[in-house]
Amino acid sequence: MSKSILLLVFALFCINCSSDNNDPAPAPTPEETLYFPPLTGTAWETKSIESLSWKQSAVQPLLDYLKLKNTKGFIILVNGRIVMENYFNGHDASTNWYWASAGKTLTATMTGIAQQENLINSNSKVSQYLGTGWTSAPLAKENLITCKHLLSMTTGLDDSTDDVSPSALIYKADAGTRWAYHNVYVKLQDVIAQASGQSWNTYFNTKLRDKIGMNGTWFTIGNNIVYSSTTRSMARFGLLMYNKGKWENNVILNESYFNEATNTSQNINLGYGYLWWLNGKASYHLPQSQLQFKGSLVTTAPNDMFMALGKNDQKIYVIPSKKMVVIRMGDVANPDNPTFALSGFDEELWSKISALYQ
């Protein structure tokens, strides 16, 4: 028998063997859908560490570190489902806690909502909505300041005080030429209230809070207007941002504005969007500093992470590549060095979080 005939017989034999096998071919694993918790009640789907093939041995070191560092509430979502939810130091799922400056991202989101409703234009000057004299800057300089400058922290106003009364808002540089972390962003809330004809609270509750099932309230402390909610409500907002402004099939914030908000907003501080902090950029600036630091804000975390960061280590981390949202609420982690990014807390926390899945 020739070699070619032998090969043909072998091929037919293999085909017959295959056709005689009654075991069905394994079905492809369906892509897991993104989960959104109901708007009311406490139901929220969970997902186990084991189902993700994460390391159970890395869980306790993470929990020990969180407790050691004065954490009160901690949540990890993957694809919207709760993988870890832990409370410490008398805190629980029903306890409200302040967001501090992490709540700036709520104001950025409301600015986008007001813009998509054609109430405001972020490229318009602030004085178009608040009238002239809302600062102490010369009129020509004040009129350079747009809503987008408030969003990107580039108003050019003196940042040495949190006071946002006109007498304290002093000209330092032309808008757009200097990045400085400044409480003046809160003027966006006045812009939105004026343009909508509603109070800030009413517009916020109607257009954002109630649409994604959050709880919480705004309160005034000193010159700051601060949001307070449960840890789960903070996680709901993080989930909305993970899904680029959509809650299930409802567009709360349009994706075009979301993309602007979570990418570099100016060419001075590459690590800053519209009141969001951005990881993985070539350089960044920090509050109360004009220094430029090379490299990523949190080197132990994924480069695509964007963050809401507040005083005393209030954190919303959104990581699209990992399908993750991570929330941390509590007291300051390192009282002797509270400055985020330089305190070492974010770096160490992410070393322990990444140990779960690496």
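In this text, all values refer to a predicted model and were calculated from it rather than measured experimentally.

Trainee: Explain the side chain of Lys-187 to me, please; I cannot follow it from the model alone.
Mentor: Tracing the chain through its elements places Lys-187 in helix α7 (residues 187-196). Relative accessible area serves as the criterion here: at 12%, Lys-187 is assigned to the buried category. Setting aside residues up to four positions removed in sequence, Lys-187 forms contacts with Leu-130, Trp-134, Leu-150, Val-164 and Leu-169.

Trainee: Is there a simple way to explain the sheet that holds strand β4 (residues 217-221) in this structure?
Mentor: Backbone hydrogen bonds hold the strands of a sheet together, and the pairing may be parallel or antiparallel. With antiparallel pairing, the 3 strands of this open sheet are ordered in space as β3-β5-β4. Looking at which strands have only one partner, the edges of the open sheet turn out to be β3 (97-98) and β4. Pairing of β3 with strand β5 (residues 224-229), which is carried by 2 bridges, proceeds in the antiparallel orientation. Its bridge partner lying in β5, Trp-97 is registered against Ser-229.

Trainee: So what exactly am I meant to see when it comes to the pattern of salt bridges here?
Mentor: It is possible for side chains of opposite charge to pair when their charged atoms get near one another. If you walk through the whole model with that rule in mind, you get 13 salt bridges. The residue Asp-313 makes a salt bridge to Lys-315 at a minimum N-O spacing of 3.2 Å. Each member of the pair Asp-313 and Lys-315 is classed as buried. Among the ionic contacts, a cluster of salt bridges with common partners joins Glu-32, Glu-45, Lys-47 and Arg-81.

Trainee: Sorry if this is basic, but what is going on with the pairing of strand β1 (residues 71-78) here?
Mentor: Two faces, one strand: in a regular strand the side chains alternate between the faces of the sheet. For β1, a buried count of 8 out of 8 residues is recorded, marking the element as mostly surrounded by other parts of the structure. Bridge analysis of β1 against strand β13 (residues 324-330) gives 7 bridges, and the strand direction is antiparallel. By the bridge assignment for β13, Ile-76 is matched with Val-326. As paired strands, β1 and strand β2 (residues 81-87) are joined by 6 bridges and run antiparallel to one another. Its bridge partner being in β2, Leu-77 is matched across the sheet by Ile-82. Hairpin connection, β1 to β2: the antiparallel pair is bridged by 2 residues, and Asn-79 has positive phi, about 55°.

Trainee: Even after reading the chapter, I still don't get helix α3 (residues 104-116), so can you show me in this structure?
Mentor: The α-helix advances 3.6 residues per turn, and as a result positions three or four apart in sequence lie on the same side. Between its first and last C-alpha atoms α3 spans 19 Å; for 13 residues at 1.5 Å apiece the expected length is 18 Å, and the two agree. Of all 13 residues that make up α3, 11 are buried, and the element is covered over most of its length. Here α3 has its buried residues at Lys-104, Thr-105, Leu-106, Thr-107, Ala-108, Thr-109, Met-110, Thr-111, Gly-112, Ile-113 and Ala-114. Trailing α3 by a residue or two, Asn-118 shows a phi angle of about 60°, which is positive.

Trainee: How should helix α2 (residues 59-68) be read in this particular structure?
Mentor: Burial in α2 covers these residues: Val-59, Leu-62, Leu-63, Tyr-65 and Leu-66. Down the axis of α2, the buried side of the element spans an arc of 160°, and every buried residue falls inside it. Exposed residues on α2 whose side chains face more than 90 degrees from its buried face are Lys-67 and Leu-68. Packed against the buried residues of α2 are β1, β2 and α11 (345-357). Following α2 by one or two positions, Asn-70 adopts a phi angle in the positive range, close to 65°.

Trainee: Would you explain the environment of Gln-56 in this entry?
Mentor: Along the chain, the position of Gln-56 falls in the loop between α1 (3-20) and α2. We classify Gln-56 as partly exposed; its relative accessible area is 43%. Residues within four places of Gln-56 in sequence aside, it is in contact with Ile-49 and Glu-50.

Trainee: Where do I start with the environment of Gly-133 in this structure?
Mentor: Within the secondary structure, Gly-133 is located in the loop between α4 (127-130) and α5 (139-142). Sequence separation between Gly-133 and Ser-57 is 76 residues; the distance between their C-alpha atoms is 59 Å. Residues in contact with Gly-133, not counting those within four places in the same chain, are Glu-142 and Pro-166.

Trainee: How should I be thinking about the nonpolar core in this particular structure?
Mentor: The nonpolar side chains of a soluble globular protein tend to be buried, and buried together. If you look at the biggest cluster of nonpolar residues, it comprises 104 residues, and the most contacted ones within it are Ile-76, Met-84, Trp-99, Leu-208, Phe-237 and Trp-350. Considering each element in turn, this core owes the most residues, 7 residues, to helix α9 (residues 231-242). If near-sequence neighbours (up to four positions away) are discounted, Met-84 is found in contact with Ile-49, Val-59, Leu-62, Leu-63, Phe-74, Ile-75, Ile-76 and Leu-356.

Trainee: Looking at this structure, I do not really get the confidence of the model for the protein chain. What am I missing?
Mentor: Caution is warranted with low-pLDDT regions, since their predicted coordinates should not be read in detail. Mean pLDDT over the protein chain: 92, with 92% of residues reaching 70 or higher. Per-residue pLDDT stays below 50 along residues 1-21; that stretch engages in 1 contact with residues further than four places along the chain or on separate chains.

Parameters and conventions
- Residues numbered from 1 in each chain as written.
- Predicted model: local features only at pLDDT ≥ 70, side-chain atom pairs only at ≥ 80, totals over all residues.
- Heavy atoms only, no water.
- Helix = DSSP H or I, 4+ residues; strand = E, 2+ residues; numbered from the N terminus.
- Buried < 20%, exposed > 50% of the residue type's maximum accessible area, 1.4 Å probe, protein only.
- Contact = heavy atoms within 4.5 Å.
- Pairing = 2+ DSSP bridges.
- Salt bridge = Lys/Arg side-chain N within 4 Å of Asp/Glu carboxyl O.
- Expected span 1.5 Å × (residues − 1).
- Arc of directions from axis to C-beta.
- Core = buried A, V, L, I, M, F, W, Y, C linked by side-chain atoms within 4.5 Å.
- pLDDT = per-residue confidence, 0-100.

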